[in-house]
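Observations on chain architecture
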Amino acid sequence: MNDLELQKVAKLIQSANHVAVLTGAGISAESGMATFRDPLTGMWAHFRPEDLATPDAFRRNPAVVWNWYMQRRQSAIKALPNPGHRVLAWLETKVPRLSLITQNVDNLHQSAGSSNVVELHGSIHRFKCFENHHAIPIELADASPEEPPQCPSCKSLARPDVVWFGEMLPELAMNRAIGSAQTADLFLVIGTSGVVQPAASLGITAKRNGSKVVVINPDPNAAMAGEIFLQGPSGVVLPRLAEAAWGVDQSFF
Ligand code: BJW
């Protein structure tokens, strides 16, 4: 990581009034959660998204989809937030306004202490029924790890409350995310490949509205043209940024 760039971002974050952050699967990689598109370790290197993350896949084979999500839920329950998550939670106490928008469904930002997290793609820890979106009690879901249980109200099958391909994002979450992108003066894009819409457009919205956009990612291909790029794992880069901006020792996180 280029130290000059780090110092530049440290100055931006110190003087920002509204910092908005968009995170993706990469921020949870150092907590042991698999990403989607990393070539060897990403989930889509082993499974096809159209077999697991679409309404049609669930219609065709509800048990396979259900079982995959229940296993991922168990991994998420066992995972602990890493220094990247912890810096973002701590940042709420340092900047006048922080908006945290995540594509992740794992709840690790909340476990690290972040408040008001905008979950664009739902949560793997909530369930609803497939046909009518009635909320399904978590105990009912956990009692049936192999097959989706039936909704107590309408008997349609339970599914995770996540956003699959072809589905609309939750309106309130999307509106909050767009509002933050429009009003932020610094927009951090952390640990996302930026290929999934509409989340991927938030950085562009921020830039068009005059925000500086900073990308944090170990993959050089993730750098967006014309933006500041801090190359490295977020669990390393974010504590270094906190140290550069506020002098707090990296080991604090
Ligand atoms: C690290 C790291 C470390 C590693 N530190 N970093 C416009 C154009 C084209 C297509 C579309 C379009 N508008 C809509 C679409 C269709 C579709 C889409 O975007 N398709 C593209 C793939 C082409 N979008 C949708 O269908 C969305 N719905 C929608 O738009 O509704 C309206 C509509 C419908 C139909 C037609 C048109 C409009 C819904 C998208 C839902 C995405 N769902 C998933 C699954 C969620 C549930 C689950 O968890 O199973 O969301 S797919 C998956 O991708 C998941 C993620 O949230 C999302 C993004 O992935 P992310 O987070 O970026 O992960 P990776 O793996 O891609 O990247 C990880 C990054 O981390 C990498 O860069 C690494 O380098 C980095 N990294 N280690 C920091 N230590």
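Residues numbered from 1 in each chain as written. Predicted model: local features only at pLDDT ≥ 70, side-chain atom pairs only at ≥ 80, totals over all residues. Heavy atoms only, no water.

Overall, parallel pairing links the six strands, which are arranged β3-β2-β1-β7-β8-β9 in an open sheet. The outermost strands of the open sheet, each flanked by one partner alone, are β3 (118-119) and β9 (228-231). Here helix α5 (residues 83-91) sits on the sheet in contact with β1 (18-23), β2 (97-102) and β7 (186-190), set at roughly 145° to β2. Sitting on the sheet, helix α8 (residues 171-183) touches β1, β2, β3 and β7, and the angle it makes with β2 is about 135°. (Pairing = 2+ DSSP bridges. Helix = DSSP H or I, 4+ residues; strand = E, 2+ residues; numbered from the N terminus. Contact = heavy atoms within 4.5 Å. Axes fitted to C-alpha atoms, helices over the stretch in contact; angles between N-to-C directions.)

Attention now moves to the site of the ligand. Lining the immediate environment of the ligand, one finds 34 residues, of which Arg37, Tyr69, Glu167, Thr192 and Ser193 sit closest. For the ligand, a nitrogen atom lies 3.3 Å from a polar atom in the backbone of Gly26. Here a nitrogen atom of the ligand sits 3.0 Å away from a polar atom, N or O, in the main chain of Ser234. Taken by itself the ligand offers 1500 Å² of open surface, and the protein chains cover 76% of this. (Near = heavy atom within 4 Å. Polar contact = N/O pair within 3.5 Å; in protein donor to acceptor, adjacent residues only side chain to side chain. Areas by Shrake-Rupley, 256 points an atom, 1.4 Å probe, with all protein chains shown as cover.)

Looking now at the side chain of Ser234. Here Ser234 shows up in helix α10 (residues 234-246). Setting aside its immediate chain neighbours within four residues, Ser234 contacts Gly26, Ile27, Glu30, Gly84, Ile190, Ile216 and Pro239.

With that out of the way, let us pick up the nonpolar core. Within the largest apolar cluster, 30 residues are counted, with the highest numbers of intra-cluster contacts made by Ile13 and Val19. Put simply, the parts of the chain that give this core at least two residues each are α1 (3-15), β1, α5, β2, β7, β8 (212-217), β9 and α10. Broken down by element, this core gets its largest block of residues, five residues, from α10. By size, the runner-up hydrophobic cluster in this structure holds 21 residues, among which are Val118, Ala181, Ala184 and Val189. (Core = buried A, V, L, I, M, F, W, Y, C linked by side-chain atoms within 4.5 Å. Buried < 20%, exposed > 50% of the residue type's maximum accessible area, 1.4 Å probe, protein only.)

Turning our eyes to something else, we now look at the pairing of strand β4 (residues 122-129). Among the eight residues that make up β4, seven are buried, leaving the element largely enclosed by the rest of the structure. Taking the residues between adjacent antiparallel strands as the criterion, β4 and strand β5 (residues 135-136) are bridged by five residues, where His133 takes a positive phi near 60°.

Interhelical geometry of α1 versus α10 gives an angle of 65° and a closest axis separation of 8 Å. Considering the relative orientation of α1 and α10, their crossing is right-handed. Every residue of α10 that contacts α1 at Asp3, Leu6, Gln7, Val9, Ala10, Ile13 and Gln14 is listed here: Val237, Arg240, Leu241, Ala244, Ala245 and Trp246. Tallied by class, the residues present in the contact of α1 with α10 amount to nine nonpolar, two polar and two charged. (Left-handed = near helix turned anticlockwise from the far one by under 90°. Nonpolar A, V, L, I, M, F, W, Y, C, P; charged D, E, K, R; others polar.)

Function cannot be read off these values alone, since they describe shape.
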